[in-house]
Amino acid sequence: MPVFQRVVQILSSARVMFLFALILLCGSSFAQGEGLFKAKCATCHAVFKNGTGPKLYEARKRWEDAGEGDLIYEWVRNNAALRASGKSVRAIEVFQEYNGSVMSAFGDLTDDQISSILDWVDSQDPNASAGGGNVAQATSTDISVEEEESIPWIWIVMGIMFSIIIMAVGGVRRELKIATKESDKGSEGLTYIDEFKVWAWKYRLYVGLTTLVIVVSLIVGFFQTLYSVNIVEAYQPSQPIAFPHDVHAGVNGIDCKYCHNSVTKSKSAGLPTVNVCMNCHKKINGEGEEYQGEIAKIYAAAGWDPTRGPSGAYTNQTEPIVWNKVHNLPDHVYFNHSQHVVVGGLDCKQCHGDMTKLNETAKVQPYQELNKIEENIESKIEFDRATMTMGWCIQCHEQSSVNITDGKSGYYTEIHDRLKENDYNLLTKYNEDGRVSVSELGGWECSKCHY
Ligand code: HEC
Ligand code: HEC
Ligand code: HEC
Ligand code: HEC
Ligand code: HEC
Ligand code: HEC
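Rules behind the numbers
- Residues numbered from 1 in each chain as written.
- Chains lettered and ligands numbered in written order.
- Predicted model: local features only at pLDDT ≥ 70, side-chain atom pairs only at ≥ 80, totals over all residues.
- Heavy atoms only, no water.
- Donors = N, O, S within 2.8 Å, 3.2 Å for Na, K, Ca; no water.
- Tetrahedral: all angles 85-135°; square planar, octahedral: opposite > 155°, others 65-115°.
- Helix = DSSP H or I, 4+ residues; strand = E, 2+ residues; numbered from the N terminus.
- Core = buried A, V, L, I, M, F, W, Y, C linked by side-chain atoms within 4.5 Å.
- Buried < 20%, exposed > 50% of the residue type's maximum accessible area, 1.4 Å probe, protein only.
- Contact = heavy atoms within 4.5 Å.
- Near = heavy atom within 4 Å.
- Nonpolar A, V, L, I, M, F, W, Y, C, P; charged D, E, K, R; others polar.
- Domains from an automatic or database assignment.
- Patch = residues over 30% accessible without salt bridge, like charges linked within 9 Å, V, L, I, M, F, W, Y side chains within 5 Å.
- Areas by Shrake-Rupley, 256 points an atom, 1.4 Å probe, with all protein chains shown as cover.
- Salt bridge = Lys/Arg side-chain N within 4 Å of Asp/Glu carboxyl O.
- Phe/Tyr/Trp six-rings, centres within 6.5 Å; stacked < 30°, edge-to-face > 60°.
- Lys NZ or Arg CZ within 6 Å of the ring centre and 35° of its normal.
- Polar contact = N/O pair within 3.5 Å; in protein donor to acceptor, adjacent residues only side chain to side chain.

Peer 1: Go over the coordination of the iron atom of ligand 4 with me, naming the residues and quoting the values.
Peer 2: Taken together, the protein donors to the iron atom of ligand 4 comprise His340 (NE2) and His397 (NE2), at separations of 1.9 Å. For the iron atom of ligand 4, the six donor atoms in the first shell make angles of 88 to 180° at the metal, so the coordination geometry reads as octahedral. Of this pair, His340 sits in helix α15 (residues 337–343) while His397 sits in helix α18 (residues 390–399), placing them 57 residues apart in sequence.

Peer 1: Before we move on, can you summarise the nonpolar core with the specific residues and values?
Peer 2: Grouped together as the largest cluster of nonpolar side chains are 25 residues, with contacts concentrated most on Phe37, Val47, Trp63, Trp75, Leu109, Ile117 and Val121. Among the elements of the structure, α2 (14–41), α3 (59–65), α4 (71–77), α6 (89–97) and α7 (111–123) are those that each provide at least two residues to this core. The residues touching Ile117, leaving out its near neighbours within four places in the chain, are Gly33, Leu36, Phe37, Cys41 and Leu109. Formed by twelve residues, the second largest nonpolar core is a distinct cluster that contains Val326, Met355, Val364 and Cys396.

Peer 1: Residue-level account of the site of ligand 2, with values.
Peer 2: Around ligand 2, the structure places 22 residues, and the nearest of them are His245, Cys256, Cys259, His260 and His327. Counting only elements with at least two residues in the shell around ligand 2, the list comes to α11 (245–251) and α12 (256–259). For the shell around ligand 2, the element with the most residues is α11, which contributes three residues. In terms of residue class, the shell around ligand 2 is built from twelve nonpolar, eight polar and two charged. When residues of the shell around ligand 2 are assigned to domains, at least three fall in each of domain 3 (245–314) and domain 4 (337–449).

Peer 1: Mind laying out unusual backbone geometry, listing which residues take part and the relevant values?
Peer 2: Residue Asn316 is not a glycine yet carries a positive backbone phi of 70°. Mapped onto the elements of the fold, Asn316 is located in the loop between β2 (313–314) and α15. Within the chain, Met388 stands out as a residue other than glycine whose phi angle is a positive 75°. Tracing the chain through its elements places Met388 in the loop between α17 (367–370) and α18.

Peer 1: Just give me the short version of a nonpolar patch on the surface, but keep the residues and values in it.
Peer 2: Together, Phe196, Trp199, Tyr203, Leu205, Tyr206, Leu209, Leu212, Val216 and Val220 make up an exposed nonpolar region whose accessible area comes to about 970 Å². Every element with two or more residues in the nonpolar patch is listed here: α9 (192–202) and α10 (204–228). Ranked by residue count, the leading element in the nonpolar patch is α10, at six residues. Tracing the backbone shows Val220 in helix α10.

Peer 1: How would you sum up the pattern of salt bridges? Please name residues and give values.
Peer 2: Scanning all chains against the criterion turns up twelve salt bridges. A salt bridge links Lys40 to Asp108; the nearest nitrogen and oxygen atoms lie 3.9 Å apart. In this pair, Lys40 sits in helix α2 while Asp108 sits in the loop between α6 and α7, placing the two residues 68 residues apart along the sequence. Under the relative-accessibility criterion, Lys40 is labelled partly exposed at 28%. Classification of Asp108 as exposed rests on a relative accessible area of 57%.

Peer 1: Tell me about the packing of aromatic side chains, and please be specific about residues and values.
Peer 2: The final tally for this structure, using the stated rule, is ten aromatic pairs. Ring centres of Phe48 and Tyr57 lie 4.9 Å apart, and the angle between their planes is 55°; this geometry places the pair in the tilted category. Tyr57 matches Phe48 in its accessibility class, with the two residues each being buried. Ring centres of Phe222 and Phe223 lie 5.8 Å apart, and the angle between their planes is 80°; this geometry places the pair in the edge-to-face category. Taken together, the ring pairs in this structure connect Phe196, Trp199 and Tyr203 into an aromatic cluster. The side chain of Arg83 reaches across the aromatic face of Phe95, ending 3.5 Å from its centre. The cationic tip of Arg204 hangs over the ring face of Trp201; the distance from NZ or CZ to the ring centre is 4.2 Å.

Peer 1: Describe in detail the site of ligand 1, supporting the description with residues and values.
Peer 2: Every one of the 23 residues lining ligand 1 counts as a neighbour, but Cys41, Cys44, His45, Ser101 and Met103 are closest to it. Note that a nitrogen atom of ligand 1 is positioned 2.7 Å from one of the side-chain N or O atoms of His45. Elements supplying a minimum of two residues to the shell around ligand 1: α2, α3, α4 and α6.

Here's what the structure looks like:
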């Protein structure tokens, strides 16, 4: 097959290899830009729409037009310092335009990384993004759909490239064989497997080492997968309405209990019914705003027609809003909100993170986020177990203490009095380190948490 061999020859030439390498590099830099954008910038910036921060599409061009193309890197790394330095007009201008909202500093980003973000942003097609996918407060559905689409695409391209390279290398080998007339002698009748055996024996040390590395990493990977089974950390299911907690509990300061009204009274916190939404959203109708679609969903659920009559009317055609459960312990676990919030005096933040700043739908906060929460319990808690696992409950019960002499809730007075009378030594033992932990009072007993 001379034609085929010719093709293979061309493909395997050094120049073509170099090109492939270049394409791969560019591809990965693009992927890096996209990843960095989503991880660090997307909370405030969208590509095509102004949100908390300005749209980033052609931001570089705007700085270049102002004659400050090279200062945009300094801006991203530390915008406050750039403003203070007085060498940038654009920095002051955009800051004033945004009423002095402050952008975070990203001191650890290199010029290349910032470039990759701006490259990726500018490579987006303004016409293709009519949908909500690029809105700063994108819903979780949008984000996950985008990721699902982008990842396999890169893998497919990489896969094709690798197979071409492997084919090319194979071609070279065959060419070499023909050139050295090796094919005339001995190895003619050898199958690929036989050849591999000979080769593997010749390089047995390397083959052995490689096999060892592969086997060990497979075992480690296997156990890591086992450990991650059932871990729901950072879980963020899609929701029927892109309900933002920051707008409600943050900006508008609505108390958590207004919507989760059984949290102090019962085991579960509960979710608000659509009537609760309508208390405000009959008036707040989002008319002319970009989130009108979300408010319209509330109206559809409540059976409210805002166009009927001067101030709208109920149509009696309701449909329930089916929120997807975010936090979900298995059935064999007993968890009680009022016990933690009322008796334990814990703030919601301690377990759910700061919901007043969450500008997307609810999610299970990873323990790293919870570790950042200001203490509202005596000892600062350092978790290293995934949120919502048994280890997480156990760690908190060991590290947080209860004030057993505090008469406020009265819950512990009985235990305290009983210990004082019957088991004074035990009480002093509990108090040895100056505090009584939840675990010492039974917070580690299996039956307290398990049915
Ligand atoms: C906490 C919110 C926030 C985050 C996160 C954020 N920005 Fe900003 N950004 C802003 C705000 C607000 C402005 C408008 C200027 C101001 O008020 O400081 C801005 C302005 C900018 C500008 C100037 C745009 C223009 O039109 O001149 C650029 C460029 C920029 N950001 C890039 C980035 C990049 C890149 C990232 C991610 C690495 C990022 N920002 C992350 C809030 C943010
Ligand atoms: C205006 C009503 C409202 C207010 C106020 C509110 N929430 Fe919510 N909350 C909701 C709705 C609706 C959902 C369901 C949508 C979702 O999961 O994103 C929800 C979901 C949640 C969830 C996840 C529920 C699950 O399925 O596991 C938590 C946790 C939560 N809220 C905590 C809080 C905290 C903490 C506050 C106060 C800082 C608060 N909420 C204030 C309406 C509200
Ligand atoms: C106590 C009043 C109040 C209640 C109750 C309330 N909201 Fe809101 N909601 C607001 C306010 C205020 C805004 C902000 C409107 C604005 O920025 O113009 C808002 C905005 C919104 C937005 C648009 C957010 C954005 O800016 O993108 C959605 C979606 C929304 N609410 C959904 C809900 C749902 C679902 C419920 C019921 C679970 C609910 N709201 C209950 C007051 C309320
Ligand atoms: C942020 C810290 C924290 C986390 C996380 C936590 N707890 Fe607690 N828990 C407490 C405190 C403080 C008390 C003591 C106050 C009280 O009795 O309610 C307590 C008490 C309890 C009690 C009553 C113990 C007794 O002696 O009567 C049970 C049961 C319980 N927790 C279950 C759980 C379960 C299940 C989880 C995990 C899903 C969990 N807790 C996670 C802080 C925490
Ligand atoms: C000690 C940790 C802890 C604290 C403090 C806490 N929660 Fe929760 N929350 C949980 C756990 C665990 C679940 C999952 C419960 C389940 O699946 O049975 C949960 C579930 C929820 C849910 C989902 C609906 C439900 O009832 O299962 C909402 C809403 C919620 N919490 C709101 C709040 C609010 C509001 C506060 C503050 C007033 C708060 N939580 C304080 C641990 C906590
Ligand atoms: C502070 C509360 C708490 C205490 C005390 C506790 N557990 Fe758990 N346990 C949990 C929670 C929460 C889960 C669910 C973890 C998950 O879904 O990942 C769990 C899960 C389990 C599981 C299922 C396996 C798993 O990891 O999901 C077993 C088995 C178990 N517990 C046994 C015990 C035994 C035995 C004890 C007493 C020595 C005990 N638990 C004490 C909260 C507790």
